[in-house]
Amino acid sequence: MCEDRAVTIKQDVRPTGRAPPMSGFDVQDLEFPAFDGQALPGRLYRPRCHAPVPLLVDVHGGAWIRGNRLNNASMHEALADEGIATFALDFRMPPQAAADVTFADVHAGLDWARRHAGELGSRAEWVGGLGTSSGGHLLMLNALLGGAPGTTAPAPAPLVGYVAACWPILDPLARYRMARDRRLSQLLDAHHAFWTGETAMERDNPHLIVERGEARHLPPMLLIQGTADANVDHFRADAFGEQYRRAGGAIDVLKYDDEPHMFITVEPDSPASLHAMDRIRHFVRNQCRAAG
């Protein structure tokens, strides 16, 4: 399980104990049904292994309005090469679709991957989530609630057994106010394109959902954040970690000194990126080991 503490990683980090390389992996483009039946694309990175392997369902970032299933390809390849499968989702976003469609598409992808885990080379209890930036928000919203925002029906089994979130936007309202105060027009434009206003940012807000006691599930979590992130105030990771622990969740917050937003994908071979990927692999394997 992840450790219940926060850790700051200095620049002299080194990878710790990688597993022996696999014999490679295969990449396969698949389709999964959206909530309304439309076929959406996903990309599976599957290790060449006859036994079931852990599976991470990836929810990409892009300020809720950009990006696709290829955003984190370097991470997916590095994970698959050492025995962890990933299934990267595409989902509809503004301006092509409203925010509620985005939420529902991500939910549909997570649910489909869990139900079809065996066909994807894994087991249902070994399915976790990987979310980056705004994808971390979309992933955590589904992980905490188990359903679309605003639903009141009893939550089914958790959509994911554990979560790895990299530079996630876990408090979109605080991020919006930060961007407004600093006059970050690109971030503000993205918020205005996705959100109907501050009321929605407050409602569909993972940090506040946990704080208000509305979370139906608190999956074990690994949170990775750089301290030089201009898109997300790095102290928000600490605040979320403290709130998550108070609510009874297990979380490990890893902060990397002087690393920017998206540092793993921007410079995948840097010491910090190699260390972070190593910690993700270690976290995933521990969760699957605990699940049996």
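Residues numbered from 1 in each chain as written. Predicted model: local features only at pLDDT ≥ 70, side-chain atom pairs only at ≥ 80, totals over all residues. Heavy atoms only, no water.

Chemist: Can you break down the environment of alanine 239 residue by residue, with the values?
Modeler: Examined against the element boundaries, alanine 239 turns out to sit in helix α8 (residues 235-246). Along the backbone, alanine 239 and aspartate 171 are 68 residues apart, and their C-alpha atoms lie at a distance of 9.9 Å. (Helix = DSSP H or I, 4+ residues; strand = E, 2+ residues; numbered from the N terminus.)

Chemist: I'd love a proper account of the side chain of lysine 255, names of residues and values included.
Modeler: With respect to the secondary-structure elements, lysine 255 resides in strand β9 (residues 251-256). For lysine 255, a relative accessible area of 6% gives the class buried. Within the local environment of lysine 255, its side chain forms a polar contact with the side chain of histidine 234, the two groups lying 2.6 Å apart. Here aspartate 238 takes part through its side chain, which lies 2.6 Å from a polar atom of the side chain of lysine 255. (Buried < 20%, exposed > 50% of the residue type's maximum accessible area, 1.4 Å probe, protein only. Polar contact = N/O pair within 3.5 Å; in protein donor to acceptor, adjacent residues only side chain to side chain.)

Chemist: Break down the environment of proline 52 for me, citing the residues and quoting the values.
Modeler: Among the structural elements, proline 52 can be located in the loop between β3 (39-47) and β4 (55-59). Taking relative accessible area as the criterion, proline 52 reaches 41% and is therefore assigned partly exposed. Separated by 65 residues in sequence, proline 52 and alanine 117 have C-alpha atoms that sit 9.2 Å apart. If sequence neighbours within four positions are ignored, proline 52 has contacts with Gly121, Ser122, Arg123 and Trp126. (Contact = heavy atoms within 4.5 Å.)

Chemist: Kindly report on the nonpolar core, identifying the contributing residues and their values.
Modeler: Ranked by internal contacts, the top residues of the largest apolar core, which has 56 residues, are Phe87, Met140, Met221 and Phe240. With seven residues, the single largest contributor to this core is helix α3 (residues 134-145). In this structure, Leu56, Met75, Ala276 and Phe283 belong to the second largest nonpolar core, which totals 23 residues. (Core = buried A, V, L, I, M, F, W, Y, C linked by side-chain atoms within 4.5 Å.)

Chemist: A description of the packing of helix α1 (residues 73-80) against helix α10 (residues 271-291) should follow, citing residues and the corresponding values.
Modeler: Closest axis-to-axis distance for the α1/α10 pair is 11 Å, and the angle between their directions is 55°. By the criterion of interaxial angle, the relationship of α1 to α10 is oblique. The chirality of how α1 crosses α10 is right-handed. On α10, the residues touching Met75, Ala78 and Leu79 of α1 are Met277, Ile280 and Arg281. Tallied by class, residues from the contact of α1 with α10 come to five nonpolar, no polar and one charged. (Axes fitted to C-alpha atoms, helices over the stretch in contact; angles between N-to-C directions. Parallel < 35°, antiparallel > 145°, perpendicular 65-115°, else oblique. Left-handed = near helix turned anticlockwise from the far one by under 90°. Nonpolar A, V, L, I, M, F, W, Y, C, P; charged D, E, K, R; others polar.)

Chemist: Can you explain unusual backbone geometry? Please cite residues and give values.
Modeler: Proline 94 connects to proline 95 through a cis peptide bond whose omega is 5°. With respect to the helices, strands and loops of the structure, proline 95 is situated in the loop between β5 (85-89) and α2 (99-115). A positive phi angle, near 55°, is found at arginine 183, a position not held by glycine. Within the secondary structure, arginine 183 sits in the loop between α4 (172-181) and α5 (185-194). Residue classification places arginine 183 among the exposed positions, given a relative accessible area of 71%.

Chemist: Lay out the layout of surface pockets with the relevant residues and their values.
Modeler: By volume, the largest pocket amounts to about 240 Å³. Along the wall of the largest pocket there are 16 residues; nearest its centre are Gly62, Ala63, Ser133, His261 and Met262. (1 Å grid on protein atoms, 1.4 Å probe; cavity = no way out; pocket = protein on both sides within 12 Å on 5 of 7 lines; lining within 4 Å. Points joined across faces, edges and corners; volume = space filled by probe spheres on them.)

Chemist: Quick rundown of the packing of aromatic side chains? Include the residues and the values.
Modeler: Counted by the stated rule, this structure contains 13 aromatic pairs. For the ring pair tryptophan 64 and tryptophan 195, a centre distance of 5.5 Å and an interplane angle of 85° mean the geometry is edge-to-face. Here the residue tryptophan 64 occupies a position in the loop between β4 and α1, and tryptophan 195 occupies one in the loop between α5 and α6 (198-203), the gap between them amounting to 131 residues. You can call tryptophan 64 buried: its relative accessible area is 1%. Owing to a relative accessible area of 7%, tryptophan 195 belongs among the buried residues under this scheme. An aromatic cluster is built from Trp64, Phe103, Phe194 and Trp195, whose rings are joined through pairwise contacts. Note that arginine 123 overlies the ring of tryptophan 126, its terminal NZ or CZ placed 4.2 Å from the centroid. (Phe/Tyr/Trp six-rings, centres within 6.5 Å; stacked < 30°, edge-to-face > 60°. Lys NZ or Arg CZ within 6 Å of the ring centre and 35° of its normal.)

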